[in-house]
Amino acid sequence: MNGSVAGDGGPDLRWFTAGAMTEAEFRAACVLHASAFPRPGRTVDDVVASRGPVWMRHAENGAEIPGGPLRSTTPARRAAIVDAAGVWRANAATITRRLATPAGPMTVLGLLDVATRPDDRGRGLGARVVRAAFGPVDRGEWPACLFQTGDARRFYEKLGARVVDNRFVDSTGDTPAGGAVFEDTHTMIYPADADWPTGEIDTLGPGY
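Residues numbered from 1 in each chain as written. Predicted model: local features only at pLDDT ≥ 70, side-chain atom pairs only at ≥ 80, totals over all residues. Heavy atoms only, no water.

(A) Geometry of the overall build of the protein. Within the protein, the secondary structure is distributed over five helices and ten strands. Taking all 208 residues of the protein together, 46% fall into the buried category. Contacts in the protein between residues far apart in sequence, at least 24 positions, make up 67% of those at least 6 positions apart. As displayed, the protein offers around 10100 Å² of accessible surface, 52% of which is attributable to carbon and sulfur atoms. (Helix = DSSP H or I, 4+ residues; strand = E, 2+ residues; numbered from the N terminus. Buried < 20%, exposed > 50% of the residue type's maximum accessible area, 1.4 Å probe, protein only. Contact = heavy atoms within 4.5 Å. Areas by Shrake-Rupley, 256 points an atom, 1.4 Å probe, with all protein chains shown as cover.)

Below, the structure written as structure tokens:
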């Protein structure tokens, strides 16, 4: 359900669910992404086109590809700080993902698309949306959150996450041969003290 969530950081923090976003909400999220991660020649319309299959047509794709393009076991969700004018200042998205591990199957939360507008950085908005995204783990709904990052390692460590050294593989074949499932420098879990298996882990789908 979309709307404000009491206790998750204030009235300007809202949750949005894949398949239940309006076109205006979805485009505002894409504007945020394009400003946070600029690429030469990439437009907001390019971001809209690439992310539409996940956020605007989840049910359709879920019928064709189990879990949709991200292989999420539940519709993707997005915690966003939205100002009174409807401008998205920061957001963090989550999925749920089945894994095959040496300790047996497990389903974890996945964190992705953490973004803050460049002119809003340094205000703690990124930490707010990530803490909100971690909420289901804190409440015991999932055993851990698995994600990847590059230069933001220290940011996540301050929020209670840690780096793991498992080897990750994708038995579905959706990850290009020879490619890494998680391409960023660090693969991390939250919380740091989660009961996390050692050894090789099959993500049963591509990285996110």
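(B) Structural detail: the environment of Ala180. Along the polypeptide, Ala180 turns up in the loop between strand 8 (168–169) and strand 9 (186–190). Judged by relative accessible area, Ala180 falls into the partly exposed class, the value being 42%. Separated by 13 residues in the primary sequence, Ala180 and Arg167 have C-alpha atoms spaced 9.4 Å apart.

(C) Region of interest: the pattern of salt bridges. Going through the model one piece at a time under the given rule, you end up with 15 salt bridges. Of the charged contacts, one joins Arg128 and Asp12 as a salt bridge, the two residues approaching to 3.0 Å between their closest N and O atoms. With Arg128 in helix 4 (residues 125–138) and Asp12 in the loop between strand 1 (3–4) and strand 2 (13–17), this pair connects stretches of sequence that are 116 residues apart. A salt bridge links Asp120 to Arg123, with the shortest nitrogen-to-oxygen separation between them at 2.6 Å. Classification of Arg123 as exposed rests on a relative accessible area of 54%. (Salt bridge = Lys/Arg side-chain N within 4 Å of Asp/Glu carboxyl O.)

(D) Local environment of the pairing of strand 6 (residues 145–149). The buried fraction of strand 6 is high, at five of five residues. Residues of strand 6 alternate between two faces, with Cys145, Phe147 and Thr149 on one and Leu146 and Gln148 on the opposite face, all of them buried. Sheet topology places strand 5 (residues 104–116) next to strand 6; two bridges connect them, and they run parallel. Bridged to Gly110 within strand 6 is Leu146. Handedness of the crossover joining strand 5 and strand 6 through helix 4 is recorded here as right-handed. Summarising the sheet, strand 6 and strand 9 pair through five bridges and their orientation is antiparallel. (Pairing = 2+ DSSP bridges. Right-handed = clockwise from strand over helix to strand, strands pointing away.)

(E) Up close: helix 4. Relative to the 20 Å expected for 14 residues at 1.5 Å per residue, helix 4 spans 19 Å between its end C-alpha atoms, a close match to the ideal helical length. When the local axis directions of helix 4 are compared, the greatest deviation, roughly 30 degrees, occurs at Ala132, which is followed within four positions by the proline Pro136. Across the 14 residues that make up helix 4, a large majority, eleven, are buried. At the exit of helix 4 stands Gly140, carrying a positive phi of roughly 85 degrees. (Expected span 1.5 Å × (residues − 1). Bend = angle between axes of the 7 residues up to and from the residue.)

(F) How the structure looks around the environment of Val129. Among the structural elements, Val129 can be located in helix 4. With 114 residues separating them along the chain, Val129 and Trp15 place their C-alpha atoms 9.9 Å apart. Discounting residues that sit within four places of it in the chain, Val129 has contacts with Leu13, Ala79, Ala80, Ile81, Ala90, Asn91 and Ala92.

(G) Highlighting the side chain of His186. Note that His186 resides in strand 9. Residue His186 is classed as buried on the basis of its relative accessible area, which comes to 17%. Residues within four places of His186 in sequence aside, it is in contact with Phe147, Gln148, Thr149, Gly150, Arg153 and Val163.

(H) Structural view of the nonpolar core. Of all hydrophobic cores here, the largest spans 36 residues; its most connected members are Trp55, Trp88, Leu146, Phe168 and Trp196. Of all the secondary structure elements, the ones that give two or more residues to this core are helix 1 (23–36), helix 2 (44–55), strand 3 (77–82), strand 4 (88–101) and strand 5. Tallying contributions element by element places helix 1 first for this core, with seven residues. Among the nonpolar cores identified, the runner-up in size contains 23 residues, and Ile81, Ala92, Leu125 and Ala127 belong to it. (Core = buried A, V, L, I, M, F, W, Y, C linked by side-chain atoms within 4.5 Å.)

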